[in-house]
Amino acid sequence: MPLQNRVTPTGEIIATPHRGMFTGNRGIIHDPATKTLLKKRWSSPAWITCLCEFRGWRRPVMARRSWTELFFLDEATAFAAGHRPCFFCRRDDAKRFRVAWEMGNDARGISAKAMDAVLHRERLDRGKKRLHVLSMPLAELPDGAMVQQGDDCFLLAQGKALLWSPAGYVLHPSALDHPMLLTPPSTLRAIIAGNQLVLHRTARR
């Protein structure tokens, strides 16, 4: 049986056999004896996105009392859930993200801790995923932004709305009607300022 360690764009953690392009964590939120999640879904405001393999090293999943390995379909999914790049295993990506985040949010010299504080306010509403009203027309959202309509999550890419699933994206045939923004506004502004995301291969259909 697959472990419950795959993150959806809404930040929910589910069990699925499908693998993701990135790993990451929100602190320690599992019991290594049973390899199951605790009731809490984060133990730190630093929600990061990491490489699945770094310098030839792959972590055993949920095997010890260390940070809980979570997995994401792609970077758009991780960003929508409220994560950011790791400053250790993805240092160059994290530095580029911070530069774009500062440009988009009119900030200078911001620390990772300060970014995490902003993201934590934007991703959660009384413990649940915070949804945001679109600040621009849907057609003007940049590639990599994600929205929600009903129970479905969509990636915006190349002028198309792609329905998210654990296995990848599929083209949505109908126009979206008043969706809500999943990607935190500060992250969206970083994307608009030039931060490019790594998207799953199915986003290029």
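Above: the structure in question.
Residues numbered from 1 in each chain as written. Predicted model: local features only at pLDDT ≥ 70, side-chain atom pairs only at ≥ 80, totals over all residues. Heavy atoms only, no water.

K.L.:
I tried to follow the nonpolar core on my own but got confused; where do I start?
P.N.:
Grouped burial of nonpolar side chains is what soluble globular proteins tend to show. Counting 26 residues, the largest nonpolar core has Trp101, Met146, Leu155 and Tyr169 as its most contacted members. Top contributing element to this core by residue count: helix α2 (residues 91-105), with four residues. (Core = buried A, V, L, I, M, F, W, Y, C linked by side-chain atoms within 4.5 Å. Buried < 20%, exposed > 50% of the residue type's maximum accessible area, 1.4 Å probe, protein only. Helix = DSSP H or I, 4+ residues; strand = E, 2+ residues; numbered from the N terminus.)

K.L.:
Explanation requested: helix α3 (residues 112-123) in the structure shown.
P.N.:
Since the α-helix packs 3.6 residues into each turn, any two residues three or four apart lie on the same face. With 12 residues, α3 should cover 16 Å at 1.5 Å per step; its first-to-last C-alpha distance of 16 Å lies within 8% of that length. Contact partners of the buried residues in α3: α1 (75-81), β8 (84-85), α2, β9 (124-125), β10 (128-129) and α4 (185-192). (Expected span 1.5 Å × (residues − 1). Contact = heavy atoms within 4.5 Å.)

K.L.:
Whenever I open this one, the sheet that holds strand β1 (residues 4-7) confuses me. Can you help?
P.N.:
Each strand in a sheet pairs with its neighbour through backbone hydrogen bonds, running either in the same direction (parallel) or in the opposite one (antiparallel). Spatially, β2-β1-β7-β3-β6-β8 is the arrangement adopted by the six strands of the open sheet, whose pairing is mixed. Each of the sheet's edge strands pairs with one partner strand only, and the pair in question is β2 (13-15) and β8. Note that strand β3 (residues 22-25) and strand β7 (residues 70-72) share three bridges and pair antiparallel. Bridge pairing in β7 links Gly24 to Leu70. (Pairing = 2+ DSSP bridges.)

K.L.:
Explain the packing of α2 against α4 here, please?
P.N.:
In a pair of packed helices, the angle between the axes and the distance between the axes together describe the arrangement. Running from N to C, α2 and α4 point in directions that differ by 100°, and their axes come no closer than 7 Å. With respect to α4, the axis of α2 lies roughly perpendicular. Contacts between α2 and α4 involve Phe97, Ala100, Trp101, Gly104 and Asn105 from the first element and Ser186, Thr187, Arg189 and Ala190 from the second. By residue class, the composition of the contact of α2 with α4 is four nonpolar, four polar and one charged. (Axes fitted to C-alpha atoms, helices over the stretch in contact; angles between N-to-C directions. Parallel < 35°, antiparallel > 145°, perpendicular 65-115°, else oblique. Nonpolar A, V, L, I, M, F, W, Y, C, P; charged D, E, K, R; others polar.)

K.L.:
Explanation requested: the pattern of salt bridges in the structure shown.
P.N.:
Once the charged atoms of two side chains with opposite charge are near each other, the side chains can pair. On inspection of all chains with the given rule, the structure shows seven salt bridges. One salt bridge connects Arg84 with Asp116, and the closest N-O pair in it is separated by 2.6 Å. Remark: Asp116 occurs in helix α3 and Arg84 occurs in strand β8; sequence separation between them is 32 residues. For the pair shown, Arg84 and Asp116 are each scored as buried. Salt bridges sharing partners connect three or more residues here, namely Glu75, Arg90, Asp93 and Arg96. (Salt bridge = Lys/Arg side-chain N within 4 Å of Asp/Glu carboxyl O.)

K.L.:
I keep staring at the environment of Pro137 and nothing clicks. Help me out?
P.N.:
Mapped onto the fold, Pro137 is located in the loop between β10 and β11 (146-149). Taking C-alpha positions, Pro137 is 9.8 Å from His178, a pair spaced 41 residues apart along the chain.

K.L.:
Looking at this structure, how should I read the packing of aromatic side chains?
P.N.:
Two aromatic rings, taken as a pair, are described by how far apart their centres are and by the angle between their planes. Under the criterion given, the structure shown has three aromatic pairs. Measuring from ring centre to ring centre gives 5.8 Å for Trp42 and Trp47, while their planes differ by 50°; the resulting arrangement is tilted. For Trp47, a relative accessible area of 2% corresponds to the buried category. In this structure, Arg26 packs its charged tip against the face of Trp47, placed 3.9 Å from the ring centre. Sitting above the plane of the Trp47 ring, Arg123 keeps its charged end 4.0 Å from the centroid. (Phe/Tyr/Trp six-rings, centres within 6.5 Å; stacked < 30°, edge-to-face > 60°. Lys NZ or Arg CZ within 6 Å of the ring centre and 35° of its normal.)

K.L.:
Sorry, what's going on with α4 here?
P.N.:
Across the eight residues of α4, six count as buried, placing the element largely inside the fold. Those residues of α4 not exposed but buried are Pro185, Ser186, Thr187, Leu188, Ala190 and Ile191. Backbone geometry just downstream of α4 places Gly194 in the positive-phi region, at approximately 125°.

K.L.:
Just to check I follow, could you spell out the environment of Ala193 for this structure?
P.N.:
With respect to the helices and strands, Ala193 occurs in the segment after α4. Sequence separation between Ala193 and Met103 is 90 residues; the distance between their C-alpha atoms is 6.3 Å. Among residues more than four places away in sequence, those in contact with Ala193 are Ala100, Met103 and Gly104.

K.L.:
Just to check I follow, could you spell out the sheet that holds strand β15 (residues 180-181) for this structure?
P.N.:
Spatially, five strands are ordered β14-β13-β12-β11-β15 in an open sheet, and the strand pairing comes out antiparallel. Edge strands, defined here as strands with exactly one partner in the open sheet, are β14 (168-171) and β15. Across four bridges, the pairing between strand β13 (residues 160-165) and β14 is antiparallel. Residue Leu162 lies in a different strand from β14, and its bridge partner there is Leu171.

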